[in-house]
Amino acid sequence: MHPINLLFSQRIYKDLLIILLLTLLYFLPIVLYGNYSEENYQSNHFTLKIFLEYLFSPFIFYYDLIGPGTTLPLDTGLTFFFIPFFLIFNIKLFYFSSILICVYLQLNYFKKIFKLLKIKYVYFLIIFYAVNVTPFFTLFFSDVVKTFFFYSFIPLIFYYYLKFSKKKNKKDFFKLTLFSSYLFLNVHQTSFTILLSALILMFFLNKQFYLFKKKYFYLSFILFLLITSEEIYRVIVQYLLFSDIERAQVVDLDLKHFFSGVAFFFKFVEDYFNIDMPFVSPFKPYDNFYLAFTGVVFYFSFFYSIYLFIKKQSFKLYYLNILLILFSFAALFDPRIIFFTIVSANVLLFDIVNFCSIILFGHLLSSIKKIKSTLIIIFSFIFISIFYFQ
């Protein structure tokens, strides 16, 4: 579409409105109530301030003003998140610009994925993805902007993977490599490890072994190493320095946490109607970390994934249903065994699960009658949203 026609199209105003509303949904509570945690503010954000103060000098490896021998960065992530990076000295502008960009990434690349997979109900599904425990916990209970950035970047990475899988254009593979490299430099290594594991699993499920015969595959691998080599070296050095320290499992997830959608509903009923339910514990902010499967979208998607597997229709969605099933079950085990101690919190797998849930839920709605699908959308949206009023 021509830029002039695009400017006057109704679609762009709808997109801008949704982006603005979702941004304010995240931003206003932070401005009014602040964050529960300041861990990243004291480490990651502080490092960004030092880098900007020294004009992004590549030779700033230590900062003696906070202790002799203190090395930089104090924490990883957001080093090349350039627009918010330059606003780091104004924390409100930093948060607002970060959230705005992340919401745009979610909207833009989900729309592209839905178009690629011929999925309807774009805006409702994007809201489902946005109104989720993962971003709410990340921004409200914690202050991990880089995790929210990762959560928003997942649709972009999978879009180029799915586009390449469908059209087999090497340009899309190079784009996938470049964006993956950029993501590696801006998020925590555990998050990237989980995403890389998902992509490798998709590679095997879709039997894309022909890539080993393509020159661009090896060129892309070399390109990735060139872009990320310094960060990889830094991570390896840090790992060798502290390899004798055992990483504790952050969260011990249990099967009962998979019923969090129902649990949050009962918590709402208990609080609102002042009813004592012995089997429901009082709501605590940390529940947002344990109870990551809020609402009913996951349940629909999980059973639909099994249905596609039984009907041998998984190939229609490039085996995203298998990815959802495998990652859901993997979340029940100690991630230190599965990911060689790199990942210590199995709830981090939910980011991939939540993404796959939206795709599968959208595919389910697009495959049934319009009246039924509309009712399911309305019911699910209300069922999800009502939990956050508590």
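Small disclaimer: the values here were computed from a predicted structure and weren't measured.

Cut-offs and rules
Residues numbered from 1 in each chain as written. Predicted model: local features only at pLDDT ≥ 70, side-chain atom pairs only at ≥ 80, totals over all residues. Heavy atoms only, no water. Helix = DSSP H or I, 4+ residues; strand = E, 2+ residues; numbered from the N terminus. Buried < 20%, exposed > 50% of the residue type's maximum accessible area, 1.4 Å probe, protein only. Contact = heavy atoms within 4.5 Å. Areas by Shrake-Rupley, 256 points an atom, 1.4 Å probe, with all protein chains shown as cover. pLDDT = per-residue confidence, 0-100. Expected span 1.5 Å × (residues − 1). Axes fitted to C-alpha atoms, helices over the stretch in contact; angles between N-to-C directions. Left-handed = near helix turned anticlockwise from the far one by under 90°. Salt bridge = Lys/Arg side-chain N within 4 Å of Asp/Glu carboxyl O. Core = buried A, V, L, I, M, F, W, Y, C linked by side-chain atoms within 4.5 Å. Phe/Tyr/Trp six-rings, centres within 6.5 Å; stacked < 30°, edge-to-face > 60°. Polar contact = N/O pair within 3.5 Å; in protein donor to acceptor, adjacent residues only side chain to side chain. Patch = residues over 30% accessible without salt bridge, like charges linked within 9 Å, V, L, I, M, F, W, Y side chains within 5 Å. Lys, Arg positive; Asp, Glu negative; His and termini not counted. Charge placed at Lys NZ, Arg CZ, Asp CG, Glu CD.

Asks: Give me the overall build of the protein: which residues, what numbers.
Replies: What the protein contains, in helices and strands, is 19 helices and zero strands. Buried positions account for 51% of the 390 residues belonging to the protein. Counting only contacts in the protein whose residues sit at least 6 apart along the sequence, the fraction spanning at least 24 positions is 76%. Approximately 20500 Å² of the protein is accessible, and the part contributed by carbon and sulfur atoms is 69%.

Asks: Describe the confidence of the model for the protein, listing the residues and the values that go with them.
Replies: When pLDDT is low, close inspection of the predicted coordinates is not appropriate. When pLDDT is averaged along the protein, the result is 82; 84% of the residues meet or exceed 70. Averaged pLDDT values for the elements of the protein fall to 52 in helix α1 (residues 3-7) and rise to 95 in helix α10 (residues 170-186).

Asks: Explain helix α11 (residues 189-205) to me, using residue names and the numbers behind them.
Replies: Spanning 17 residues, α11 covers 24 Å between terminal C-alpha atoms, matching the ideal 24 Å at 1.5 Å per step. Of all the residues in α11, the buried ones are Gln 189, Thr 190, Ser 191, Phe 192, Thr 193, Ile 194, Leu 195, Ala 198, Leu 199, Met 202 and Phe 203. Looking one or two residues beyond α11, the residue adopting positive phi is Lys 207, at roughly 50°.

Asks: Provide a residue-level description of unusual backbone geometry, including the pertinent values.
Replies: With phi around 55°, Lys 312 is a residue other than glycine that occupies positive phi space. Position of Lys 312 relative to the elements: it lies in the loop between α15 (297-310) and α16 (320-330). The backbone phi angle of Tyr 318 is positive, close to 55°, even though this residue is not glycine. Along the chain, Tyr 318 turns up in the loop between α15 and α16.

Asks: Pulling in residues and values, what's your account of the packing of α16 against helix α18 (residues 350-367)?
Replies: Packing of α16 against α18 leaves a shortest axis separation of 9 Å and a crossing angle of 145°. When the axes of α16 and α18 are compared, the crossing they make is left-handed. Of the residues in α18, those in contact with Leu 320, Asn 321, Leu 323, Leu 324, Phe 327 and Ser 328 of α16 are Ile 352, Val 353, Cys 356, Ser 357, Ile 359 and Leu 360.

Asks: Explain the pattern of salt bridges to me, and be specific about the residues and the numbers.
Replies: Proximity of charged atoms lets side chains of opposite charge pair with each other. The full count for this structure, using the stated rule, is three salt bridges. Lys 163 is the salt-bridge partner of Asp 172, the closest N and O atoms lying 3.6 Å from each other. Ionic pairing is found between Glu 231 and Arg 234, a salt bridge with its closest N-O pair at 2.9 Å. Of the two residues, Glu 231 and Arg 234 are both situated in helix α12 (residues 215-241); the distance of three residues between them amounts to about one turn of the helix. Summarising the burial analysis for this pair, Glu 231 and Arg 234 share the class buried.

Asks: Any chance you could break down the nonpolar core for me, citing the residues and the numbers?
Replies: Formed by 103 residues in total, the largest nonpolar core has its most connected members in Phe 158, Ile 352 and Ile 359. Not counting chain neighbours up to four residues away, the residues in contact with Phe 158 comprise Leu 195, Ala 198, Met 202, Leu 320, Leu 323, Ile 352 and Phe 355.

Asks: So what's going on with the packing of aromatic side chains? Which residues, and what values?
Replies: One pass over the structure, following the stated rule, counts 41 aromatic pairs. Between Phe 81 and Phe 149, the ring centres sit 4.6 Å apart and the planes meet at 45°, which makes this aromatic pair tilted. Of this pair, Phe 81 sits in the loop between α4 (44-53) and α5 (82-85) while Phe 149 is found in helix α9 (residues 145-167), placing the two residues 68 residues apart along the sequence. Among the residues examined, Phe 81 registers a relative accessible area of 4% and is labelled buried. Assessed through its relative accessible area of 1%, Phe 149 is described here as buried. Measuring from ring centre to ring centre gives 5.6 Å for Phe 300 and Phe 361, while their planes differ by 40°; the resulting arrangement is tilted.

Asks: Tell me about the environment of Asp 172, residues and numbers included.
Replies: Here Asp 172 shows up in helix α10. Classification of Asp 172 as buried rests on a relative accessible area of 3%. When the C-alpha atoms of Asp 172 and Tyr 161 are compared, they prove to be 7.6 Å apart, with eleven residues separating the residues in sequence.

Asks: Which residues make up the side chain of Ser 180, and what are the values?
Replies: For Ser 180, the location among the structural elements is in helix α10. A polar contact is formed between the side chain of Ser 180 and the backbone oxygen of Leu 176, at a distance of 2.6 Å. Those residues in contact with Ser 180, other than ones at most four positions away along the chain, are Ile 157, Phe 192 and Phe 224.

Asks: Explain a positive patch on the surface to me, using residue names and the numbers behind them.
Replies: Positive charge collects at one region of the surface, where Arg 11, Lys 14, Lys 112, Lys 115, Lys 118, Lys 166, Lys 167, Lys 170, Lys 171 and Lys 175 lie side by side. At the level of secondary structure, the elements contributing two or more residues to the positive patch comprise α2 (10-33), α6 (91-117), α9 and α10. If you tally residues by element for the positive patch, the top one is α10, at three residues. Its place among the elements puts Lys 175 in helix α10.

Asks: Can you explain a nonpolar patch on the surface? Please cite residues and give values.
Replies: Taken together, the side chains of Leu 178, Leu 219, Phe 221, Ile 222, Leu 225, Leu 226 and Ile 227 define a hydrophobic patch exposed on the protein surface, amounting to about 660 Å² of accessible area. At six residues, the largest contribution of residues to the nonpolar patch is made by α12. Residue position: Ile 227 is located in helix α12. Ile 227 sits in the partly exposed class, given a relative accessible area of 32%.

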